[in-house]
Amino acid sequence: MFQGFKEFITKGNVIDLAVAVVIGGAFTAIVNAVVSSIINPLVSLFFKADAAGNFGPQLTSIYGDPVTFPLGELISAIISFLAVALVVYFVFVVPMNKYKERQAARNPAVEEETLPTEQELLIEIRDLLRKDALN
């Protein structure tokens, strides 16, 4: 019973999915803090923030009002995603792959017998029919 559960957990994408969900949720606060305290000020060095606090390139609308394209939020979201993906990959996926490689090395798969080709089967049938016809 426990062996079956162990196989279920260590095979497929169950571990990868669980790790991504749990760690992604837990790591979000750290990533958001880094983005808001480091990345956003760096981006704001190049783009002026509007009245709502959005920063990005500003253009004037056809009515003369300034319009800000909030690229800061996009850049923050991309950096957050990459940071979470990087941590999940190196902390969980790489060690799990190493574990699976070690398990595969301990229990090498039995090599499958190569099946004869269709032509080989037909030749064998022909030879058996000839043999039966001679007897």
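Model, not experiment: these values are computed from the prediction.

With respect to the overall build of the protein chain
Along its length, the protein chain carries four helices and two strands. Shown N-terminal to C-terminal, the secondary structure of the protein chain runs as helices and strands in the order α-α-β-β-α-α. Each of the 135 residues in the protein chain was classed as buried or not, and the buried ones make up 14%. Put simply, 41% of the contacts in the protein chain that link residues at least 6 apart link residues at least 24 apart. Carbon together with sulfur atoms contributes 67% to the accessible area of the protein chain, which is approximately 11000 Å² in total.

Concerning the packing of aromatic side chains
Going through the model one piece at a time under the given rule, you end up with one aromatic pair. Ring geometry for Tyr89 versus Phe90: centroids 5.0 Å apart, planes at 80°, classification edge-to-face.

Notes on the nonpolar core
Of all hydrophobic cores here, the largest spans nine residues; its members are Val19, Ile23, Phe27, Val31, Val35, Ile39, Val84, Val88 and Val93. Only helix H2 (14–46) and helix H3 (71–106) provide two or more residues apiece to this core. The biggest single contributor to this core is H2, with six residues. If we ignore the near neighbours within four places in the chain, the residues touching Ile23 are Val88 and Phe92.

Section: a nonpolar patch on the surface
The grouping of Leu59, Val67, Phe69, Leu71, Leu74, Ile78, Phe81 and Leu82 at the surface amounts to a nonpolar patch, some 750 Å² of accessible area in total. Sort the elements by how many residues they give to the nonpolar patch and H3 lands first, with five residues. With respect to the secondary-structure elements, Leu74 resides in helix H3.

Quick word on the environment of Val34
Within the secondary structure layout, Val34 lies in helix H2. Sequence separation of Val34 and Ser80 is 46 residues, and the distance between their C-alpha atoms is 8.7 Å.

A short note on the confidence of the model for the protein chain
Per-residue confidence for the protein chain gives a mean pLDDT of 77, with 82% of residues at or over 70. Confidence, expressed as mean pLDDT per element, reaches its minimum in the protein chain at helix H1 (residues 2–10) with 70 and its maximum at helix H4 (residues 118–134) with 89.

Describing H3
The terminal C-alpha atoms of H3, which comprises 36 residues, lie 51 Å apart, in line with the 52 Å expected from a rise of 1.5 Å per residue. At Tyr89, H3 shows its strongest bend, of approximately 40°. All of the buried residues in H3 are Gly72, Ser76, Ser80, Val84, Val88, Val93 and Met96.

Cut-offs applied
Residues numbered from 1 in each chain as written. Predicted model: local features only at pLDDT ≥ 70, side-chain atom pairs only at ≥ 80, totals over all residues. Heavy atoms only, no water. Helix = DSSP H or I, 4+ residues; strand = E, 2+ residues; numbered from the N terminus. Buried < 20%, exposed > 50% of the residue type's maximum accessible area, 1.4 Å probe, protein only. Contact = heavy atoms within 4.5 Å. Areas by Shrake-Rupley, 256 points an atom, 1.4 Å probe, with all protein chains shown as cover. Phe/Tyr/Trp six-rings, centres within 6.5 Å; stacked < 30°, edge-to-face > 60°. Core = buried A, V, L, I, M, F, W, Y, C linked by side-chain atoms within 4.5 Å. Patch = residues over 30% accessible without salt bridge, like charges linked within 9 Å, V, L, I, M, F, W, Y side chains within 5 Å. Salt bridge = Lys/Arg side-chain N within 4 Å of Asp/Glu carboxyl O. pLDDT = per-residue confidence, 0-100. Expected span 1.5 Å × (residues − 1). Bend = angle between axes of the 7 residues up to and from the residue.

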